[in-house]
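Here is what each chain is made of, one letter per residue.
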Amino acid sequence: MAIELAHLKGQTVAVFGLARSGLATIRAALAGGATTVLAWDDSEASRDRAGALGARIAPPGEWPWSDLRSLVLAPGVPLTHPKPHPVVEQARRAGVEIICDIELLYRELKDAARFVAITGTNGKSTTTALMGHVLQAAGMDAPVGGNIGTAALDLSVSGDAPVFVIEMSSYQLDLIRDFRPNVAIWLNLTPDHLDRHGDLAGYRKAKQRIFANMAPDDVAAIGIDEAEMTAVVSDLAKRPAHPEVVTVSVIRHPDADCFVDGSGRLTLQDGASHALSDLPALRGVHNWQNAACAFAAARALGVDDQAILDAMADFPGLAHRMEIVGRRGRVVFVNDSKATNADAAARALATFEPIYWIAGGRAKEGGIAGLGDYFGRIAKAYLIGEAAGAFSADLSGRVPHVIAGDLQRAVTLAAADAGRDERPEPAVLLSPACASFDQFADFEARGEAFRAAFQSIDQDHLTEETVP
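Procedures and definitions
Residues numbered from 1 in each chain as written. Predicted model: local features only at pLDDT ≥ 70, side-chain atom pairs only at ≥ 80, totals over all residues. Heavy atoms only, no water. Helix = DSSP H or I, 4+ residues; strand = E, 2+ residues; numbered from the N terminus. Expected span 1.5 Å × (residues − 1). Buried < 20%, exposed > 50% of the residue type's maximum accessible area, 1.4 Å probe, protein only. Contact = heavy atoms within 4.5 Å. Phe/Tyr/Trp six-rings, centres within 6.5 Å; stacked < 30°, edge-to-face > 60°. Lys NZ or Arg CZ within 6 Å of the ring centre and 35° of its normal. Pairing = 2+ DSSP bridges. Core = buried A, V, L, I, M, F, W, Y, C linked by side-chain atoms within 4.5 Å. Salt bridge = Lys/Arg side-chain N within 4 Å of Asp/Glu carboxyl O.

Caption draft 1: Examining helix α1 (residues 20–31) more closely. Between the first and last C-alpha of α1 there are 17 Å, a value that for twelve residues agrees with the 16 Å anticipated at 1.5 Å per step. Within α1, burial applies to Ser21, Gly22, Leu23, Ala24, Thr25, Ile26, Ala28 and Ala29. Where α1 is buried, its residues meet β1 (12–16), β2 (36–40), α2 (44–53), β4 (70–73) and α4 (101–109). Downstream of α1 by a residue or two, Gly33 has a phi angle that is positive, lying close to 105°.

Structure below.
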């Protein structure tokens, strides 16, 4: 069943920014009986799509601001930094609330549904998908969307008691007012989006809004492996009526409520212990944090431990994020095309060994200079794209490598070399540490090209000599 915003019946609302969340808002508002939905976007094509849905297309200067109930703002439109967008200033002068689509979803279904909200600088997409997978495996109607995949108001429900699993960026959290998750996950906090929030304190403040309306019968699972996050827990504990807090740590804080040790074993606050290292799509320290937070959240929603473990064991992972696309004998092929900078590539390099590493593309600032600690895990590197020459210089004398040029040749060469490696699980790893735009439209296209190259490999010829 599609979402209809019946609480907007007879109201006039405005939507600024007409990408997927804006268009979904128009559909849901008009289906719910909104009298008028005013809409604008700088893109003429987007305006045409909104007009075809029944929105009234007009620039904000022509909107009847005194008649507006709400301005539904696309998350990418500046709210405060580097300076408020003019439409934000107009709304504030008119006393019109500024919200996002997730706020509207909550207002419509708060009495009929539960909400799980997930945020963090890194890992939130994987954790959101994992959480949805676990709840769906447990038999719940658990639509998954928000900042990942489907816009919140394009989600559909099939039962009477849905549990919405919503990924929330700091941009979206800036735009909530009443939204109250029954369970919130905040994974981590490292500097990001500082141009949007001013500084790290502003970024943290936006993220903390996830807890703003939570009550003692709600649960917050919080990663505490950064100093800023221990301060978040301390601040939350000072609130007179705060949610139950479940702290989560990987390796650093053995006294956390959910602790994962260096071998990947999760110990929970009641003493239960489970191995996360056996979960095929959740390898690596960063994924152990994702899994531990999801474990705590699923428990809070009534799912028993074995059901959680069983679901996590068959979780397929997200495309292009340390995605295992298949095997050829002992060789595993891993698509980590989403790793568009060195920090992201480090997570994959820390997870597999020995690695036949495919890297390169359009380099980001700093290149791969910060990855030296992982070079010992790399059996050989295969360099592609614009960055090949610079990366070759960084690897010279430290890691055997070849400039392959393009992805197809890199996969062919890496597969042949890995096939001769007698260790238990050689990995052909695409983790480029670069943007894709020199050779591909986006990281998704690059990842699909890797998948196609893998599928073209003939098992019988995997170990043939292919390097000139």
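Caption draft 2: Seen up close, the packing of aromatic side chains. Enumeration over the complete set of coordinates arrives at seven aromatic pairs. One residue, Arg47, lies across the ring of Trp40, its end atom 4.3 Å from the ring centre. Across the ring face of Phe443, the terminal group of Lys338 is positioned such that the distance to the ring centre comes to 5.4 Å.

Caption draft 3: Region of the structure containing the pairing of strand β8 (residues 163–167). Judged by how many residues are buried, β8 sits mostly within the fold: five of five residues are covered. Neither face of β8 is left uncovered, since the one carrying Val163, Val165 and Glu167 and the one carrying Phe164 and Ile166 both have all their residues buried. Where strand β6 (residues 114–119) lies against β8, five bridges are found, and the strand directions are parallel. Directly across from Val116, in β8, lies its bridge partner Val165. Pairing geometry for strand β7 (residues 144–146) and β8, over three bridges, is parallel. By the bridge assignment, Val144 is partnered in β8 with Val165.

Caption draft 4: Structural view of unusual backbone geometry. The amide bond that connects His81 to the next residue, Pro82, takes the cis arrangement and shows omega of -5°. Considering the arrangement of structural elements, one finds Pro82 in the loop between β4 and α3 (86–94). Across the junction of Glu353 and Pro354, the peptide omega takes the value 0°, indicating a cis bond. Its identity as a non-glycine residue notwithstanding, Ile251 has a phi of 75°, on the positive side. One can find Ile251 in the loop between β11 (244–250) and β12 (258–260).

Caption draft 5: A look at the nonpolar core. Within the largest apolar cluster, 72 residues are counted, with the highest numbers of intra-cluster contacts made by Ile26, Trp63, Leu71, Leu73, Leu105, Phe164 and Phe211. Val134, Leu276, Met312 and Phe315 belong to the second-largest nonpolar core, a separate cluster that totals 46 residues.

Caption draft 6: Here's a closer look at the pairing of strand β21 (residues 427–430). Neither face of β21 is open: one carries Ala427 and Leu429, the other Val428 and Leu430, and all of them are buried. Two strands pair when backbone bridges link them, and strand β16 (residues 331–335) and β21 are joined in this way by four bridges, in the parallel orientation. Its bridge partner being in β21, Val334 is matched across the sheet by Leu429. In terms of strand pairing, strand β17 (residues 355–360) meets β21 through four bridges, oriented parallel. Bridging from a neighbouring strand, Trp357 pairs with Leu429 of β21.

Caption draft 7: Focus on the pattern of salt bridges. This structure, assessed with the given rule, holds 19 salt bridges. Between Arg362 and Glu386 there is a salt bridge, with its nearest N and O atoms 2.9 Å apart. In this pair, Arg362 is assigned in strand β18 (residues 362–363) and Glu386 in the loop between β19 (378–384) and α13 (388–395), connecting sequence segments 24 residues apart. What makes Glu386 exposed here is its relative accessible area of 52%. Taken together, the salt bridges that share partners define one network made up of Glu97, Glu103, Arg107 and Asp178.

By themselves these figures say nothing about function.
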